[in-house]
Amino acid sequence: MMVITSPQPIRRPYAETDFADGRQVAAHAHMLTAEYSAASADGSHSTLARISKEAAVWLAECERTLPTIEPRHLIEITAYFDILHRIARHRPAPEHAIANAHERIIEAYLAGDTAILETDVMRIIGDAMARDIRRVQPAKLSWYVRTQERWLRESRQDAAFPGISREEAFHRAAILLRANLFALTSSQQEYKAELAATNAPALLHTTGLDSDTLRALLAFARAAWPAHLSTETLDAAEARILSALSTATDLLPLDRAAYALDLSLRS
């Protein structure tokens, strides 16, 4: 049986967590999911039971404070909400809980909240379309298509998107690589191959990148695999990026420790 040694310290007592602070809520969720993956690999039923109980506490506290957490933090929190709901309550999270949080994110973006990126809204709408396009409001569908068309035009001028931050550029590339662009280009595979090739060299250079850009770069790498990145290249890129995230000074200590655990799980 494989035994995984977790980095220390890997967690903090819930009594020390301010559940009104979105960064702390997200970091705790990250650690719980990382610990759950490690315990699953180790086959430790007692640890899995303990994490399930802690996930239940996280959910209860999160449900209480979610309506007042800053929208910019909801993006990361909602990414963990469903998996922790399944761990703690053995069923998917109710759709309305995540949908309400996503509406707050979109409303904040439309109101001019610069902490919410255009790519954040595109991911939210794109995920909703993938689940059931019939339930997505026509106005959101129209905005999504217009934005996608604009990205495509801009990328044909320069697939590195030089006019925006590197974080947003990598997210754009990831979203376009995952999208069905059949209606927008007659050469989808060639377009995606060029987009991936333009951005792939960045996978070798993680020094000096902040955590948001590193996470965007990781999203790009995973979107480019397997069509445009080999498994070996993806493995090396993931290890390099997770290592950088595990020491990123702009992350909370718990988040860094969770990334260190994510990295150890790849061994």
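Every value quoted in this text rests on a predicted model; they were computed, and no experiment measured them. (Residues numbered from 1 in each chain as written. Predicted model: local features only at pLDDT ≥ 70, side-chain atom pairs only at ≥ 80, totals over all residues. Heavy atoms only, no water.)

A. Highlighting the packing of helix 1 (residues 22–42) against helix 3 (residues 71–89). Look at helix 1 against helix 3: their axes get within 9 Å of each other, and the N-to-C directions meet at 35°. Helix-helix and strand crossings are classified by hand; for helix 1 and helix 3 the assignment is left-handed. Side by side, helix 1 and helix 3 meet where Gly22, Arg23, Val25, Ala26, Ala29, His30, Leu32, Thr33 and Tyr36 of the first sit next to His73, Glu76, Ile77, Tyr80, Ile83, Leu84 and Ile87 of the second. Across the contact of helix 1 with helix 3, the residue classes tally to ten nonpolar, four polar and two charged. (Axes fitted to C-alpha atoms, helices over the stretch in contact; angles between N-to-C directions. Helix = DSSP H or I, 4+ residues; strand = E, 2+ residues; numbered from the N terminus. Left-handed = near helix turned anticlockwise from the far one by under 90°. Contact = heavy atoms within 4.5 Å. Nonpolar A, V, L, I, M, F, W, Y, C, P; charged D, E, K, R; others polar.)

B. Main features of the pattern of salt bridges. The full count for this structure, using the stated rule, is 20 salt bridges. In this structure, the salt-bridge partner of arginine 135 is glutamate 95, at a minimum N-O distance of 3.1 Å. Taken together, the residues span a long stretch of sequence, with arginine 135 in the loop between helix 5 (118–132) and helix 6 (138–157) and glutamate 95 in helix 4 (residues 95–110) at a distance of 40 residues. The class for arginine 135 is exposed, based on a relative accessible area of 60%. A salt bridge links arginine 172 to glutamate 154, with the shortest nitrogen-to-oxygen separation between them at 2.6 Å. (Salt bridge = Lys/Arg side-chain N within 4 Å of Asp/Glu carboxyl O. Buried < 20%, exposed > 50% of the residue type's maximum accessible area, 1.4 Å probe, protein only.)

C. Fine view of unusual backbone geometry. In this chain, tryptophan 225 is followed by proline 226 through a cis amide linkage whose omega measures 0°. Checked against the element boundaries, proline 226 lands in the loop between helix 9 (211–224) and helix 10 (231–245). Although it is not a glycine, histidine 90 adopts a positive phi angle of roughly 60°. Relative to the elements of secondary structure, histidine 90 occurs in the loop between helix 3 and helix 4.

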